[in-house]
Every structure is written in structure tokens, then in C-alpha cells.
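If you want the building blocks of each chain, they are given just below.
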Amino acid sequence: MAKKDKRRKEIKRKLLHKYRLVILNESTFEEKISFKLSRLNVFVSGSLAAIGLIAFTTLLIAFTPLREYIPGYSSTALKRQATELTYTTDSLVTVLNYTNRYLDNIRKVLRGDIENNQMNRDSVFEPFKLDPAQVDLSPIREDSVLRAQVALEDKYNLFERPSADGSILLFAPLTGTVSQGYDTKHQHYAVDVVAPRDTPVKAVANGTVIFSEWTAATGYVIIIEHKDGLLSAYKHNGSLAKEQGAVVRAGEVIASVGNTGELTTGPHLHFELWKNGNPINPLNYIDFN
């Protein structure tokens, strides 16, 4: 026990023992500065200086742009920009895929291809069918209130009337004799309407011209995109009155009857209708007589 006390006193004495640090002029040995130090003072001062240096370095890295020069660190603005670019890239990929599918449909209109119409539509909608036995069809109060509100609004609506059968109402592009009708067996997905040369060809509905060019097989061709995924194509025209990107209204003249292209047999209009990438019979919606 005495040895421990003696050792403790010896350590305390060494820590508190005073030393003098003197700075002399090397040439004249003149005393310039002197300090009284002890081991304890040196240890405490060094520890405080180290802690201050660490704190200063941490603050410098955390709140100044210098941290960007340290490997592994990146600025918040750079991270935000990278995130925005990731979202933008994902959106561009989605738009690109949609555009490719859209161009495929346009290409099928020009070529008269019908590959995607030969698929079984029931198999496409099969995953989305619901079992009525598993659905609660009992009316709820919110449904009754909504029905009453819609009925009240439609009662006094003077401008819009719902269609009874939901059919498509289209304007006849011209009046003439149908020389060849819609025939899927012979891959003729259009109707050929015979009319005198230079007879005006009109748009069947409001829309935007997405193609207006010359093709070797079908001559002057104009294609109009309408709402609800509907496309109308007019081929073998003698001339075109609208350019690509033009907005047209139903009944507006867009071309004239001609006899252009390698696949024509006389002045007539080759007219096609496409709905969501699939051809439909124009005679079901338009009377050409």
C-alpha cells in the first residue's frame, strides 16, 4: 500500500514539476521568450489543441464546398441533379417505347399489315376479368348520390347529349361508288370509292395530319390522327392540300381524287380506318352514296 502511495506521489510530482522553456538568440544567447511549463500543462494544452483542430476540420468539411474534394463525398446539388436525370431518363425511355409502338401502327397503316389483329383478344383481357361472385354489387349511398347528381346535370345540359349506342360518328370523305369493299380474307383492309378525278377529299373528323407524303406504291398519301386512337388514311390521291402537322376539322378538304401510285387501277380513293392499331370496316360508320 505504501508503495502505491509513493508511486502515485511520484507521478503527481512529475506531472506538476515546473520546467522553463527558454528561447535564446543563437548569436548573442540573449533570452527572448521564456515559459513555465509542466507535463500536465503540456498534456492538457495539446489535448485541447487537438480537439479544436478536429472540430474545426469537421465544420470545414460539413459546411463548405471543400468536402467535394474528399473522395467519397458529393454535393447535395450533384445528388439532386443525378436523381432528376434518372427520372428524366426513365420518362424518355417510356416515351421512346410509346413512340416506337405508335410508329409501328403507322407503318402497318402504310403497308396494310394486320399481324396484330390476328391475336386472340379474349386472351389479352383474360387477366383483367373479374368474378362477379367475388364482387360486392350492393348499392351504396355514395353511388346513389352520384347518380342523382349526374342525372340533374344532364337534365339541364343544352349542348352535350350522350350517344345512345356509343357509335363513332364520321363525316363522309366523298360521295361515290364503292368498287371494292372491306375484305379481310384478301387482306384488303379498306374500301375503294370510285369518283371523278380532282373530286375533293374531306377529313372524316377533327384531327391532326401525321403523314402527308408521296409513296411509290400508293401515290400521294395523307393520314390523320383523331381522338380515341382513331386513324384515317387516304391513298392514291391526285394532290394533297395539307402538310404534316396541320390541324383539320371534319369536312375540311385535305386532298383530291387521283390515280397515283403503282397499285392503282383508275381514279379512286383508297380509304382506311384504324382503331387502336387495328383496321375496322369504314362501311360500318360511313355512307359513301
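Scroll up to find the structure.
Right, let's walk through the structure included here. Keep in mind that what you see is a predicted model, and the values were worked out from it rather than measured.

### With respect to helix α1 (residues 2-16)
Line of reasoning, step 1. Taking 1.5 Å of rise per residue, 15 residues should cover 21 Å, and α1 covers 21 Å from first to last C-alpha, within 8% of that figure.
Line of reasoning, step 2. Counting buried residues in α1 gives 0 out of 15 residues, a small share hidden from the surface.

### Digging into the environment of Ser 179
Line of reasoning, step 1. Relative to the helices and strands, Ser 179 resides in strand β3 (residues 177-180).
Line of reasoning, step 2. Linking Ser 179 and His 268, residues 89 residues apart in sequence, is a C-alpha distance of 8.8 Å.

### Brief notes about the packing of aromatic side chains
Line of reasoning, step 1. For the structure on display, the rule yields 4 aromatic pairs.
Line of reasoning, step 2. Every member of this aromatic cluster is reached through a ring pair, and the members are Tyr 234, Phe 271 and Phe 288.

### Some thoughts on the pairing of strand β7 (residues 219-225)
Line of reasoning, step 1. The element β7 is extensively covered by neighbouring structure, given that 5 of its 7 residues are classed as buried.
Line of reasoning, step 2. Taken together, the 7 bridges between strand β6 (residues 207-215) and β7 define a ladder with antiparallel strand orientation. Bridge assignment links Thr 215 to a residue of β7, and that residue is Gly 219.
Line of reasoning, step 3. Between β6 and the antiparallel strand that follows it, β7, lie 3 residues.
Line of reasoning, step 4. The sheet contact formed by β7 and strand β8 (residues 230-240) spans 5 bridges and is antiparallel. Considered in β8, the bridge of Glu 225 is made with Leu 231.

### Considerations on the pairing of strand β11 (residues 268-275)
Line of reasoning, step 1. Across the 8 residues that make up β11, a large majority, 7, are buried.
Line of reasoning, step 2. In terms of strand pairing, strand β4 (residues 191-194) meets β11 through 4 bridges, oriented antiparallel. Bridging from a neighbouring strand, Asp 192 pairs with His 270 of β11.
Line of reasoning, step 3. Both β8 and β11 contribute to a ladder of 6 bridges, which runs antiparallel. Across the sheet, residue Tyr 234 finds its bridge partner in β11, namely Phe 271.
Line of reasoning, step 4. When β11 meets strand β12 (residues 278-280), the two strands line up antiparallel, connected through 3 bridges. Its bridge partner being in β12, Leu 273 is matched across the sheet by Ile 280.
Line of reasoning, step 5. Hairpin connection between β11 and β12: a loop of 2 residues separates the two successive antiparallel strands, and Asn 276 in this loop has a positive phi of roughly 55°.

The rules we used
- Residues numbered from 1 in each chain as written.
- Predicted model: local features only at pLDDT ≥ 70, side-chain atom pairs only at ≥ 80, totals over all residues.
- Heavy atoms only, no water.
- Helix = DSSP H or I, 4+ residues; strand = E, 2+ residues; numbered from the N terminus.
- Expected span 1.5 Å × (residues − 1).
- Buried < 20%, exposed > 50% of the residue type's maximum accessible area, 1.4 Å probe, protein only.
- Phe/Tyr/Trp six-rings, centres within 6.5 Å; stacked < 30°, edge-to-face > 60°.
- Pairing = 2+ DSSP bridges.

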